[in-house]
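In case you want the letters, here they are:
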Amino acid sequence: MAKTKIGKYILSRIRTKLRLVIMKEETFEEKFALRLTPLKSFIIAGLIIILLITLTTYIIAFTPLREYIPGYADVSMKRNLIYLSLKTDSLTTKINSQATYIENLNKVISGKAGMEKPKDTSTITKPELIVQLEKSDADSQLRAMIESQDKYDLALDADASFSSSIAGFYFFTPLNGTITEDFNAKQKHYGVDIVGKPNEAIKSTLDGTVVYAGFTAETGYVIAVQHSNNIFSIYKHNSALLKSIGDYVKAGEVIAIIGNSGELSTGPHLHFELWYNGNPVNPKDYMSI
């Protein structure tokens, strides 16, 4: 009986009707009224709490505001870090390549470029035992067939291929004069010295872009032009330079004036170098000087 009375009492309290009234203070005029019970109040409060939790979860999960929460990882941040890491590696490789190119260019311009020495084959370990294999009839027939095909293959001649690849260009003579010193790679003289008339113009041998135009103590006023197909030309000991870095010049266009600048110069002349694929070549083989 006691439990039944307590239950009825609690049920009656929950179902007790209440009235929430909002009135104007001066006139006590009723502006808003709301009928509630403790049970309805509890339900409404629960719904409001659930709504707030849902709204907060949505904001954290699907809006940029989650980035301001400490310890919350950004999904796109990892992707951006990977992209920036790959881009940094690419830029580092490109910078190293350009640094190597500039270093080699400075060596060529200053006359300090050296040719690679042939490898010393005396230290190569030779095999102690050579096994002699017997030739079969099929092997002999295959060898004869390949040799007959390669006999007329002009591409096998490496020197001819190298010569034809650069000989296809029409080189403009930079200066008409007398050659006082020829090309000699063994003595590290990677060009030809041409003596001409005073104040005579120096012309570009091919179309290209000026990549260097400046003064060095050893070679004086120097101008260098990068051409297509990895062809590179250098003009040293000038008295004046008529083009700047970045200028595009045509074949036969005047780029400098003959001179006697630099410590290595012994008189007014042009030291002209021609490089192909990073190797010096004799300009007399490709133009009339």
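Relevant structure appears above.
Residues numbered from 1 in each chain as written. Predicted model: local features only at pLDDT ≥ 70, side-chain atom pairs only at ≥ 80, totals over all residues. Heavy atoms only, no water.

Visitor: Help me get a handle on the pattern of salt bridges, residues and values and all.
Guide: Going through the model one piece at a time under the given rule, you end up with 6 salt bridges. Put simply, K250 and D207 hold a salt bridge, and the shortest N to O gap is 3.4 Å. Separated by 43 residues along the polypeptide, K250 in the loop between strand 9 (248-249) and strand 10 (254-258) and D207 in the loop between strand 5 (201-203) and strand 6 (208-216) bring together distant segments of the chain. Residue class for K250 comes out partly exposed when judged on its relative accessible area of 44%. For E273, the salt bridge goes to K236, with nearest N and O atoms at 3.2 Å. Of this pair, E273 sits in strand 11 (residues 270-276) while K236 sits in strand 8 (residues 231-241), and the two are 37 residues apart along the sequence. Considered together, E273 and K236 belong to a single accessibility category, that of buried residues. (Salt bridge = Lys/Arg side-chain N within 4 Å of Asp/Glu carboxyl O. Helix = DSSP H or I, 4+ residues; strand = E, 2+ residues; numbered from the N terminus. Buried < 20%, exposed > 50% of the residue type's maximum accessible area, 1.4 Å probe, protein only.)

Visitor: Kindly report on the nonpolar core, identifying the contributing residues and their values.
Guide: With 34 residues, the main nonpolar core has F171, Y235 and L274 as its most contacted residues. Taken together, the elements giving at least two residues each to this core come down to helix 3 (75-110), strand 4 (191-195), strand 6, strand 7 (220-227), strand 8, strand 10 and strand 11. With 5 residues, the single largest contributor to this core is strand 11. (Core = buried A, V, L, I, M, F, W, Y, C linked by side-chain atoms within 4.5 Å.)

Visitor: Quick rundown of unusual backbone geometry? Include the residues and the values.
Guide: Despite not being glycine, N229 shows a phi value in the positive range, around 60°. Here N229 lies in the loop between strand 7 and strand 8.

Visitor: Report on the packing of aromatic side chains, specifying residues and quantitative values.
Guide: Here the structure, examined in full by the defined rule, presents 5 aromatic pairs. Ring centres of F169 and F171 lie 6.4 Å apart, and the angle between their planes is 55°; on these two criteria the pair is classed as tilted. Residue F169 is classed as partly exposed on the basis of its relative accessible area, which comes to 23%. Considering the side-chain rings of Y235 and F272, the 5.2 Å spacing of their centres and the 40° angle between planes classify their relative orientation as tilted. You can see Y235 sitting in strand 8 and its partner F272 sitting in strand 11, a full 37 residues away along the chain. Residue Y235 is classed as buried on the basis of its relative accessible area, which comes to 0%. With a relative accessible area of 0%, F272 lands in the buried category. Through successive ring pairs, a cluster of aromatic residues spans F169, F171 and Y286. (Phe/Tyr/Trp six-rings, centres within 6.5 Å; stacked < 30°, edge-to-face > 60°.)

Visitor: Mind laying out a nonpolar patch on the surface, listing which residues take part and the relevant values?
Guide: A cluster of nonpolar side chains, I6, Y9, I10, I14, L39, F42, I43, L47 and I50, forms an exposed patch at the surface whose accessible area comes to about 940 Å². Listed by contribution, the elements that provide at least two residues to the nonpolar patch are helix 1 (2-14) and helix 2 (38-62). Broken down by element, the nonpolar patch gets its largest block of residues, 5 residues, from helix 2. On the basis of relative accessible area, F42 is assigned to the exposed category, the value being 66%. (Patch = residues over 30% accessible without salt bridge, like charges linked within 9 Å, V, L, I, M, F, W, Y side chains within 5 Å. Areas by Shrake-Rupley, 256 points an atom, 1.4 Å probe, with all protein chains shown as cover.)

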